[in-house]
Amino acid sequence: MTLRCLLVDDNWQFLLAARDLLQREGLTVVGTAENIAGAVERTAELHPDVALVDINLVGESGFDLAARLAPTPVIMISTHSGEDFADLIAASPAIGFLSKIDLSARAVHDLVEAIDKTDLVGRRREQDELDALLGAIRSGQSRALVLRGPSGSGKTALLEFLIGRAGATRVLRAAGVESESEIAYSTLLQLCVPLLGHLDRLAAHQREALSTAFGLAAGPPPERLLVGVAVLGLLAEAAADQPLLCVVDDVQWIDRASAVTLGFVARRLSGESVGMVLAARDATGFESIPELPIEGLAEPDARALLDSVLIGPVDPRVRDRIIAETHGNPLAILELPRGMTPAELAFGFGGYSGAPLENRVEEGFRRRIAALPPETRTVLLAAAVEPVGDAQLLWRALDRLGVGAHAAVPAQQERLLELGTSVRFRHPLIRAAAWHSGEPDELRRVHAALAEVTNPAQDPDRRAWHRAHAVLGEDDEVAAELEGSADRARARGGWSAASAFLERAASLTTDPARRGTLLVSAADAAAYAGAYDRVTGLLSAAEMAPLDGLRQTLVSRLRAQVDFALRSKREAFAPLLAAAQRLAAADPQASRDTFLLAVTAAMYTGRFGGDDLRKAALSARELAPAGETFPDLLLAGLVSWVLDGRTRSLPLLHRALAVADSRFIWLTSLVGYEVYRLDLVKQMSEAAIRAAVGSGALSLLPNALAIRANIMIYAGRLGEAAGMMDEIDEVIQATGASVYQFSRLVLAAYKGPAETATALFDERKREAATSGDGRLHAVACHALAILHNGTGDHRAALAAAEEAVAHGDFALGNWPLHELIEAAALAGLPEVATAARDRLAAITAETPTPLALGIQALMDALTFPAPAAEKHYRTAIELLSGQDVSATVCRAHLLFGSYLRREHRFDEARAELRAAHHAFTAMGAPGYAERAARELALMGQAVVKREPTGLREQLTRQEAAVAQLASTGRTNAEIAAQLFLSPRTVEWHLRKVFAKVGITSRRDLPKALPIGEQ
C-alpha cells in the first residue's frame, strides 16, 4: 500500500527536502504544515495515513500535536537523538521516532507496518490484504470483503487490526448477537446510528423507508430493496466528508433483514470511498462478495503462539498434542493451556478430549467464569443478555440486582470483558459461555431487571422480549405486549421478527384457541419471510391447539405453499385446491386468490400433473366468485381456456389484459405471450419497473425485470439481458423474492457454447422431473430446440420442439411450434412441417397481431414452394421489423438467404446472409452466426471475424448502463434510482466512461454511443 504522509516542521527548507526524498522513494506526501493549527486543519482535510511531526516546533510541542492528531499514526522526528526524548516518546501516542538524518521511505513504512502486526502471529498475508482495502477506500474506491473462518480463527483480531490501522478513516462497527437475531434491522441500526444526521440528504421515499425500518417513524412496511438503496445512499453521503469503513463481526448471528441489506449494499459499492468488512463463520448469503478465508496457522506460527503463553515446563508430547488438536486455531492455542493443570502440561496427564474444538474452547471460558466471584458472574450474565452493549443500561440493571461497579473488575482483569461507554466481550465465545453458564432462575432475574430499566416508549420491543424471558409459566399481559411487537415488526418489514414474537406470545397465552391462532399467524409471517424451514414446525404446534375451520384451512394452505416453494409442485396442488374450496364460503376473495394459486401450481406441474389443471378449473368455475377485477377476469379466462378451449377463452383474456394491474405482472405476461402481444408485455414490464423504482414498492421488481430480460432476448439484446439477469439475482437476494428465470435457458440457447448449454438443459429437465415441474421441462426443451436449430442439427431440434409442444402448456404451446416448423422443413420432413404450420395458423388467425402475422408468414415461407415462399419471406421481414424482435428478424434474414442460395440467386443470398452474420455476431449468438457463415462458405464467401469496436465492448456492464441512461438526459439521481446505486457511484462511473472514450461531458455521450447501443 502506498503511504500518504503529512509533514509537519517549522523549517520550510527541511519540508522541501524531505518531501523530495520521500516521494522519490515511493511515498506520497499529501501536504505540509508548519504549526499545530495548520497540521490539525490539513489532517482533517487530507486524511493522511501517517504524520511526521517535528518534536520542537516554534513555541509549540510536537508531542501536544501527536495527541491532537489521534487516531492518525504519528512518527516523531528530530535532528537530535531519540534517546534524548525516550521517556516522552514512550508516554506519547506516537508510534515511533526517526532521526532526520535516518529519514527514508523504508523507515517510515517499517514503523507504520509494525502497528499491531507484531500481535498477530502468522497473519501477514491477511493484514496486507486489509491494508490494501484501506488504501483503496482512501483513494476514492469502495471495497467489500468477507472474512470467513471458524470460531476462534482470528477474525475478530483481524477486525481490531483493521480498525487500528484506519487512521483518519471514519469507522462504523456492529456485531451480531444471537439473542437479537430475530429483531428486524437491529444490526443495521447499530451500524447506522452515527449517520442518522445524514438522513435529510436522501430522497424522500428512501428517508421514509429507512426511518420506518429503524422504528424512528410509523409507516407501511418498507421494501427491503428500498431499505438497501437508502443505506447505500446514507453511506455514500457520509463518505463524501470522510472515507468510511464499516466493520461487522459475527455476521452469522445478525437478523435476516440486516443480512440481506448488508449483502445488497456490499455488492453495489463502487466509488463512494466506503469499505465494508464482514466477519462470519460461513459466507451463506454473501457468496458473490470477495472472500478472505481465515484458516489455521501454519505449524511454525502455531508453535510460536503457543510458546508465548506457556509458563513452566511442558512435556513435548503435550505441546505436540495441543498443536495437533487445535489445528492452528489461534484462540484455541491461547485458551486450551489455561484449562490444563501444571501436571497435565509437564507430564501429559489428563488424556484426550473428543469434544469439538469450539465446545472445548467455550468450556474453558466457562471454567474461568465459574472461578469468578458470584457478583462478577452476574455482571457477565447481564452483559451477555443485554445485546446492544449499552453500558448505562447495564449499570442500571445491575443496580436493580444489587450488584455494584466493583464486581466488574475481576472480569476486566481476566480480559473477558471491556467496559467503557459501551460493553464488549473480548470474543463472542465468552458471551456464549457467560450466557450458557447462567441457571434458569438467574437468567429470569437478569431479564426482569433489564426489562425494568428499558424505556417502554423508546424501546418497547426489547422490553417485551426481556419480560417474555423473565416469565415463568403463562402471562397474557406479556403475550399481548409481544403481539404489539409483532405488529411493529411487520410494519418495519421484519417478518422473521414478527414470527418470533408471535411464537413466544403463543407460548405465554393461557387460551388454547388463541395459542393456535398465534402459531398460525407466526407460520404465516415465517412463510412471508421465506423461512420455510420454520413454517412446518409452527404449523405442527398450531395443530395441537383447537383451531376453527378457517385456521385449519390456512394451515393446509401454508403447508401447500411450503411444498410449492421447496418440494414437488404437484404435491402442493391438492392442498391448495382443498384450501380454496373450503375458503369459498368464509372468505370469497381469499378463495379466489387460492384458486389462482392452485391453477398456477397445476400450470407449473403441466404434463406431470395428469388432469390436475382440469380439476382446478372445474372447481373454480363452481365456487370462485365472479367479478370484473383483473384477478376475477384472469381466473375466469384461465378456467375457460382449460374447459372451453382457446377460442372461447380469448374474449375473457383480452378483457383481463385491458384492466391488467402491474401487481400481477407475471400472470399478465403469460396472457400476453399467449395472444402474441409482446408489445403489451414490454410496456407492462417497463411500467412496473418505473412504478417500483419511483414509488419504492419494489416487491414486484424481480418479476418485472425477469420479464423485461426475456423481451430483451427477443429484441436481440443478449448482453443487456444477461446483465439484467445478474441484477435480478441481486434484487432477489435483497427482497427475498422467488423468481422463475426461464430466460436464462433461452439466453443460453443463443449464446452457447452448445456443450455447456446442453448440459444446463439436461440438468433442468432432471430437476423438473424430480420436482414435478412440467413448465420447466417444456422451457428446457424449447431452449434445446433453439440451440439445435442454431447449430444446424435440425433432427435434434425437431425432437426437442415436439417434446416442448406435446402438452400444450398455456403461453408455451405456440412458441415452440416456430422451432418445430423450421426444424422439420430443414430436416426434409415437409409433411411434419406443414401439419405444424396449419396448427399454428389456427392460433395466429384468432390473435392476428402484427407479430403473430409476421411469424405465420415466416412459417408459411418455410413450407410453401417457390416462388410463393419468397413473397412470404419478404412479408415476414417487413412485419417483424416493426416489432422489436430483432433476434427473430435476423433468423428470418438467415432463412431467406439460405432459400435464395438454394435458388442460385447468389448475390441476393450473400446480402441477406452477411447481414444475418453481422447481426448475430454483434448480439453474441455464435451458433447462428456460424450457421450463416457456413451458408456463405457454400457460395465461396469467406467471413472475416469482426473485431470488437463498440463502446459497450470497452466498458463494464455497469459503466455501459450508466452511459446509456446518461445519454438520454437522465440526472445522476434518476440513474441511481433505476440502477440501485448511489448518485456518487453514478458520478464515479461517468468519470471512468469519459476517460475511456475520450470525452469531457455527458453532452458528448449521444455521439460517442452508437445508435444501436442507445
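Thresholds, definitions, all that
- Sequence order sets the numbering: in each chain, residues are counted from 1 along the sequence as written.
- The model is predicted, so local features are restricted to residues of pLDDT at least 70 and side-chain atom pairs to those at 80 or more, both for listing and for counting; the totals for chains, interfaces and linings are taken over all residues.
- In computing side-chain properties, one takes all heavy atoms of the structure into account and sets aside hydrogens as well as water.
- Here a helix means four or more residues in a row that DSSP labels H or I, a strand means two or more in a row labelled E, and each is numbered from the N terminus.
- Radius of gyration here uses only the C-alpha atoms, and the compact-globule reference equals 2.2 Å multiplied by the residue count raised to the power 0.38.
- Buried means the residue's accessible area, taken with a 1.4 Å probe over protein chains only, is under 20% of the maximum for its type, while exposed means over 50%, and partly exposed covers the values in between.
- Residue contacts follow a heavy-atom distance rule, with two residues in contact if any of their heavy atoms lie within 4.5 Å.
- What qualifies as a polar contact is a pair of N or O atoms within 3.5 Å, subject to a donor-acceptor requirement within protein and to the restriction that residues adjacent in sequence count only when both atoms come from side chains.
- UniProt positions are given in the numbering used here, feature names are shortened, and annotations may be inferred rather than shown by experiment.
- Strands qualify as paired when DSSP identifies two bridges or more between them.
- The axes used here are C-alpha line fits, helices contributing only the stretch in contact, and every angle between their N-to-C directions lies in the interval 0 to 180 degrees.
- Counting rule for disulfides: a pair of cysteine sulfur atoms within 2.5 Å.
- For the purposes of this section, nonpolar cores are sets of buried Ala, Val, Leu, Ile, Met, Phe, Trp, Tyr and Cys residues that join through side-chain atoms within 4.5 Å.

The name recorded for the protein in an unreviewed UniProt entry is Transcriptional regulator, from Paractinoplanes deccanensis.

Moving on: the overall build of the protein. Along the protein, the regular secondary structure elements total 51 helices and 14 strands. The globule rule puts the C-alpha radius of gyration for 1014 residues at 31 Å, and the 34 Å found for the protein is close to it. The principal-axis extent of the C-alpha atoms belonging to the protein is close to 105 × 80 × 60 Å. Counting the 1014 residues in the protein, one finds 55% classified as buried. Long-range contacts, defined here as pairs at least 24 residues apart, represent 67% of the contacts in the protein between residues at least 6 apart.

Turning to its location among the elements, Thr 863 is positioned in helix α43 (residues 850-863). Among the polar contacts made by the side chain of Thr 863, one reaches the side chain of Arg 837 at a distance of 3.1 Å. With near-sequence residues (within four places) excluded, Thr 863 lies in contact with Ile 821, Ala 833, Thr 834 and Arg 837.

What follows concerns the UniProt feature "modified residue: 4-aspartylphosphate" (unreviewed entry) in the protein. According to UniProt, the feature "modified residue: 4-aspartylphosphate" (unreviewed entry) maps to Asp 54 in the numbering used here. With respect to the helices, strands and loops of the structure, Asp 54 is situated in strand β3 (residues 50-54).

So, on to the sheet that holds strand β10 (residues 244-249). Strand order in the open sheet made by the five strands is β9-β10-β11-β8-β12, with parallel pairing throughout. The open sheet has two edge strands with one neighbour each: β9 (170-175) and β12 (291-293). If you compare each strand with its neighbour and ignore which way they point, the axes differ by 15 degrees on average. Pairing between β10 and strand β11 (residues 274-280): five bridges, direction parallel. Across the sheet, Cys 246 pairs through a bridge with Met 276, a residue of β11. Sheet contacts for helix α10 (residues 224-239): β9, β10 and β11; angle to β10, the most-contacted strand, approximately 135 degrees.

This paragraph deals with the state of the cysteines. What the rule picks out here adds up to zero disulfides. In this model Cys 246 remains outside any disulfide bridge; the closest cysteine sulfur is found in Cys 192, 7.3 Å from its own.

Looking now at the sheet that holds strand β1 (residues 4-8). If you walk across this open sheet you meet the five strands as β2-β1-β3-β6-β7, and the pairing is parallel. With one partner strand each, in any of the chains shown, β2 (28-33) and β7 (96-99) form the two edges of the open sheet. With strand direction ignored, the average angle separating the axes of adjacent strands in the sheet is 25 degrees. Across four bridges, the pairing between strand β6 (residues 74-78) and β7 is parallel. In the strand pairing of β7, Met 76 is matched with Phe 97. Each of β1 and β2 is contacted by helix α2 (residues 36-46), which is oriented at about 145 degrees to β2, the strand it contacts most.

What follows concerns the side chain of Arg 646. Positionally, Arg 646 belongs in helix α32 (residues 646-658). Engagement of the side chain of Arg 646 in a polar contact is seen with the backbone oxygen of Ile 843, the distance being 3.3 Å. Residue contacts for Arg 646: discarding those within four places in its chain leaves Trp 641, Glu 674, Val 675, Ile 843, Glu 846 and Thr 847.

Next up on the list: the pairing of β10. For β10, the buried fraction is high: six of the six residues fall into the buried class. Neither face of β10 is open: one carries Leu 244, Cys 246 and Val 248, the other Leu 245, Val 247 and Asp 249, and all of them are buried.

Looking at the element boundaries, Gly 167 is found in the loop between α7 (155-165) and β9. In contact with Gly 167, not counting residues within four places along its chain, are Pro 71, Thr 72, Pro 73 and Arg 138.

What follows concerns the pairing of β3. Most of β3 sits inside the fold, with five of its five residues counted as buried. The side-chain alternation of β3 yields two buried faces, one formed by Val 50, Leu 52 and Asp 54 and the other by Ala 51 and Val 53. In this structure, β1 lies alongside β3, joined through four bridges in parallel fashion. Bridge pairing in β3 links Leu 6 to Ala 51. Of the strand pairs in this sheet, β3 and β6 are connected by four bridges, and their pairing is parallel. Bridge pairing in β6 links Asp 54 to Ile 77.

Here the focus is the nonpolar core. Judged by nonpolar contacts, the single largest core of 214 residues is most densely connected at Leu 235 and Met 276. Here the element with the most residues in this core is α10; it accounts for eleven residues. Ranked by size, the runner-up nonpolar core spans 36 residues in total, among them Ile 369, Leu 394, Leu 398 and Ala 433.

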